[in-house]
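Coordinates in review
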Number of protein chains: 2
Amino acid sequence: MKIIIDGMGGDYAPQAIVKGAVKAAAEIDETIVIVGPEELIRNCLNENNYSGSNIEIVNATEVISNNEPPAMAIRRKKDSTIVKGMNMVKNGEGDVFISGGSTGALLSGGLTTIGRIKGIRRPAIAAWFPKLNGKGTTLLLDCGASVEPKPEYLLQNGIMGSIFVNAVKGVDSPDVRLLNIGAEEGKGDDLHKEAYKLLAASDINFNGNIEGRDVAETECDVVVTDGFSGNIFLKSSEGVALAIMNQFKSKLMDGILAKAGALLAYGKIKELKALFDYSDVGGAPILGLKGPVVKIHGNSKETEVYYAIHKAVPFVRNDVTGMIAKAINDNAALFQKDKTEEDN
Amino acid sequence: MKIIIDGMGGDYAPQAIVKGAVKAAAEIDETIVIVGPEELIRNCLNENNYSGSNIEIVNATEVISNNEPPAMAIRRKKDSTIVKGMNMVKNGEGDVFISGGSTGALLSGGLTTIGRIKGIRRPAIAAWFPKLNGKGTTLLLDCGASVEPKPEYLLQNGIMGSIFVNAVKGVDSPDVRLLNIGAEEGKGDDLHKEAYKLLAASDINFNGNIEGRDVAETECDVVVTDGFSGNIFLKSSEGVALAIMNQFKSKLMDGILAKAGALLAYGKIKELKALFDYSDVGGAPILGLKGPVVKIHGNSKETEVYYAIHKAVPFVRNDVTGMIAKAINDNAALFQKDKTEEDN
């Protein structure tokens, strides 16, 4: 297995990428290929005293930034880390591509270079949402890949999420919910009413609607959303959690009694903070492409990179892509409504 | 001024309603009319040793529950507290209707009994979102009144929110944002791209998109959303805040050191909790109707009722309804796109 990683993606590249790769390489048999300016990456490997044999470098001289129009960048920058890495997955020279670069470029490159699985209407970005009661994570998809959703996309998100969680976490028959503005069937707009029916008619373990306030503490494995409200959900949750932690910090550091109290409660406060530590989730897979792609956060450091490499292994080994292709084919009858759009 | 309140709306009615009304009545000159079963309400007033002269009772023998289909309930239960209260506003026998009853029934009753302001496409539920840095609140609308939104509705939400915040908080030229999945212009789906253009072309103080993660700590007065993602935003924020506070509580009560620490930091922890105390916001106005209606939470207690009555005064006194009617008329050129739907 060859795990390809974008050596220049993210705020702390290439240092964080190389450090994470070196740490992971010592623990796995798979080959890690870092795509980036060869000399720069090699120097970085040397600085980190790398002496193993399972890290390779593939030279790429260009970088796509977050500020350029994604589709044009993909077309023009043929020697960019993203285009080169994705081409390797497409051509079978690599099994998965991990990048902390521009989400737009990864989506655009994924569609034009690697391509959609036959029958998939829109790829989806799947993010892990941490349970705030400490009981693991829920996979939320789509989180922003598709902004003009149709009911069939939501059904496909449910199928893809279910397969992914089963493959990487070993959960049998993952519990799938639909993010909606009410718990009962029949709630929401036409999109969500129709998506509900499709999800209920499919062969996945669909357990109805879930409201925004219940995701943080409900035991479920997959939450299906449209890209717009999924993005709003994820970012608002993050915003509130950060704002509370900021208040928490400033209040407990304000005044001698509070400080003493905080000191005594230090261990517990640390546990509380750990609930918001996303660094070990392994990034967000872009599901629905013909080859595995994982987006890691732009501010990823060594730890995030290390886990993303580790978690990419079951993504590839369990052939999530092949399983999605099969499931979409098996459920094809549910996607007949608007065939003209399919594979266009 | 006559403030009409639903004596039977909410989990703690009629006790909480009567207690809140008695407390508020002692401080204001306005008449408070409690709508409900006359004897029940009168006994409740006596239990609370009410001896003033500005609380009246209007008899209503039926109650609309949260579980019945709203439109049918409004049609059939002519002697319900909601239908009677709304008819009083319609007929000029009251100036505002406050209720902790079914949101669906309030919306349905508002549309059929009181009716929309001329030119208003859809009424909106406006909720106060507390700034988690302690710096006041932001008005978020729509939070679920309308689930198949069009760009014009979002523009009207911006106009209505701006007028309401100006009227009840005295903010000059309130800072209005659009909840979207990216900060730059051109982000989001067609609905939000088009809404952006309309908001920018209007005469309100529109300052562009805001992302979900930034609402909790950004200084702005009004956040415009479609009913679906607004509802997702509000409930997910609430869910995360509650989950964190639950963790906070359980972690700090776990073990002797943490307990001692929590005791020392008690004052600060109390301050932290107060950030999430919504009880003084005065409920959520339903804007766009020909008369003021305020929805209070179903779990409202005396304090929420008391504040809702107090805050209803500037809602009426500043003629928010008349100001909205004028603003919609002044901006009419922006709503010409789909005139066939108007006032249908």
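Parameters at a glance
- Residues numbered from 1 in each chain as written.
- Chains lettered and ligands numbered in written order.
- Predicted model: local features only at pLDDT ≥ 70, side-chain atom pairs only at ≥ 80, totals over all residues.
- Heavy atoms only, no water.
- Helix = DSSP H or I, 4+ residues; strand = E, 2+ residues; numbered from the N terminus.
- Rg over C-alpha atoms; globule rule 2.2 N^0.38 Å.
- Buried < 20%, exposed > 50% of the residue type's maximum accessible area, 1.4 Å probe, protein only.
- Contact = heavy atoms within 4.5 Å.
- Areas by Shrake-Rupley, 256 points an atom, 1.4 Å probe, with all protein chains shown as cover.
- Lys, Arg positive; Asp, Glu negative; His and termini not counted.
- Charge placed at Lys NZ, Arg CZ, Asp CG, Glu CD.
- pLDDT = per-residue confidence, 0-100.
- Pairing = 2+ DSSP bridges.
- Axes fitted to C-alpha atoms, helices over the stretch in contact; angles between N-to-C directions.
- Core = buried A, V, L, I, M, F, W, Y, C linked by side-chain atoms within 4.5 Å.
- Domains from an automatic or database assignment.
- Expected span 1.5 Å × (residues − 1).
- Buried area = accessible area lost by both parts, 1.4 Å probe.
- Salt bridge = Lys/Arg side-chain N within 4 Å of Asp/Glu carboxyl O.
- Polar contact = N/O pair within 3.5 Å; in protein donor to acceptor, adjacent residues only side chain to side chain.
- Nonpolar A, V, L, I, M, F, W, Y, C, P; charged D, E, K, R; others polar.

1. Observations regarding the overall build of chain A
The secondary structure content of chain A amounts to twelve helices and eleven strands. A globule of 344 residues ought to have a C-alpha radius of gyration of about 20 Å, and chain A, at 21 Å, matches this closely. For chain A, the spread of C-alpha atoms along the principal axes amounts to about 65 × 60 × 35 Å. Relative to its full complement of 344 residues, chain A shows a buried share of 58%. A sequence separation of at least 24 residues applies to 73% of the contacts in chain A between residues at least 6 apart. With an accessible surface of roughly 13,800 Å², chain A has 49% of that area assigned to carbon and sulfur atoms. Seen as two clouds, the 38 positive and the 44 negative side-chain charges of chain A have centres 3 Å apart.

2. Examining the confidence of the model for chain A
Residues and elements named next belong to chain A. Taken as a whole, chain A shows an average pLDDT of 90; of its residues, 91% reach a score of 70 or greater. Of the regions scoring below 50 in pLDDT, residues 339–344 engages in twelve contacts with residues more than four places distant in sequence or in other chains. On the interface metric, ipTM, the complex scores 0.86, and its pTM is 0.89.

3. A few points about the sheet that holds strand β6 (residues 137–141) of chain A
Across a sheet, strands are paired by hydrogen bonds formed along the backbone, either parallel or antiparallel in direction. Residue and element names in this part refer to chain A. With respect to topology, eleven strands assemble into an open sheet ordered β3-β2-β1-β4-β11-β10-β5-β6-β9-β7-β8, the strand pairing being mixed. The open sheet terminates on both sides in strands that have one partner only, identified here as β3 (55–59) and β8 (206–210). Neighbour-to-neighbour, the strand axes of the sheet open up by a mean angle of 25°, direction not taken into account. Inspection of the sheet shows β6 paired to strand β9 (residues 222–224) by three bridges, in the parallel sense. When the sheet's bridge partners are listed, leucine 141 is paired in β9 with valine 224. The strands touched by helix α5 (residues 103–114) within the sheet are β4 (96–99), β5 (124–130), β10 (284–287) and β11 (293–295), with β11 carrying the most contacts at an inclination of about 170°.

4. Let's talk about the nonpolar core
If you look at the biggest cluster of nonpolar residues, it comprises 65 residues, and the most contacted ones within it are A:Ile32, A:Ile55, A:Ile98, A:Leu287, A:Ile309 and A:Ile324. Considering each element in turn, this core owes the most residues, nine residues, to helix α6 (residues 151–169) of chain A. Split by domain, this core shows at least three residues from each of two domains, domain 1 (2–120 + 288–319) and domain 2 (125–278) of chain A. Residues within four places of A:Ile309 in sequence aside, it is in contact with A:Ile3, A:Ile5, A:Gly20, A:Ala21, A:Ala24, A:Ile28, A:Ile32 and A:Ile98. By size, the runner-up hydrophobic cluster in this structure holds 64 residues, among which are B:Val18, B:Ile32, B:Leu178 and B:Ile296.

5. Structural notes on helix α11 (residues 302–317) of chain A
All names here are of chain A. Taking 1.5 Å of rise per residue, the 16 residues of α11 would be expected to cover 22 Å, and the 23 Å separating its terminal C-alpha atoms lies within 8% of that figure. All of the buried residues along α11 are Val305, Tyr306, Ala308, Ile309, Ala312, Val313, Phe315 and Val316. Positive backbone phi, at 50°, marks aspartate 319, one or two positions downstream of α11.

6. Observations regarding the sheet that holds strand β2 (residues 31–36) of chain B
Residues and elements named next belong to chain B. Reading across the sheet, the eleven strands line up as β3-β2-β1-β4-β11-β10-β5-β6-β9-β7-β8 and stay open at both edges, with mixed pairing between neighbours. Two strands bound the open sheet, and with one partner strand each, they are β3 (55–59) and β8 (206–210). Put simply, the sheet's adjacent strands are angled 25° from each other on average, direction ignored. When strand β5 (residues 124–130) meets strand β10 (residues 284–287), the two strands line up antiparallel, connected through two bridges. Paired with alanine 124 across the bridge in β10 is leucine 287. Against the sheet, helix α2 (residues 38–47) contacts β2 and β3, and its axis sits at roughly 160° relative to β3. Set on the sheet, helix α5 (residues 103–114) makes contact with β4 (96–99), β5, β10 and β11 (293–295); between it and β11 the angle comes to about 170°.

7. Side note on unusual backbone geometry
Along the chain, B:Ala13 connects to B:Pro14 via a cis peptide bond; the corresponding omega equals 0°. Among the structural elements, B:Pro14 can be located in the loop between β1 (2–6) and α1 (15–25). That bond from B:Leu141 to B:Asp142 is cis: its omega, 5°, falls within 30 degrees of zero. Turning to its location among the elements, B:Asp142 is positioned in the loop between β6 (137–141) and α6 (151–169). The phi torsion at A:Asn49 lies on the positive side, around 55°, for a residue other than glycine. Relative to the assigned elements, A:Asn49 resides in the loop between α2 (38–47) and β3.

8. With respect to the domain arrangement of chain A
All names here are of chain A. In terms of domain boundaries, chain A breaks down into domain 1 (2–120 + 288–319) and domain 2 (125–278). On a C-alpha basis, the centroid separation for the pair domain 1 and domain 2 is 26 Å. Taken together, the contact pairs eight residues of domain 1 with seven residues of domain 2. When the two sides are added together, the surface that domain 1 and domain 2 hide from each other amounts to roughly 650 Å², 72% of it contributed by carbon and sulfur. Three residues, Leu107, Ile120 and Phe315, lead the burial of domain 1 against domain 2; their summed loss comes to 47% of the area buried on that side. Seen at the junction of domain 1 and domain 2, the total is zero salt bridges. Run the count over domain 1 and domain 2 and you get two residue pairs in polar contact (both at pLDDT 80 or more). Among the residues making up the side of domain 1 that touches domain 2, the classes are represented as four nonpolar, four polar and no charged.

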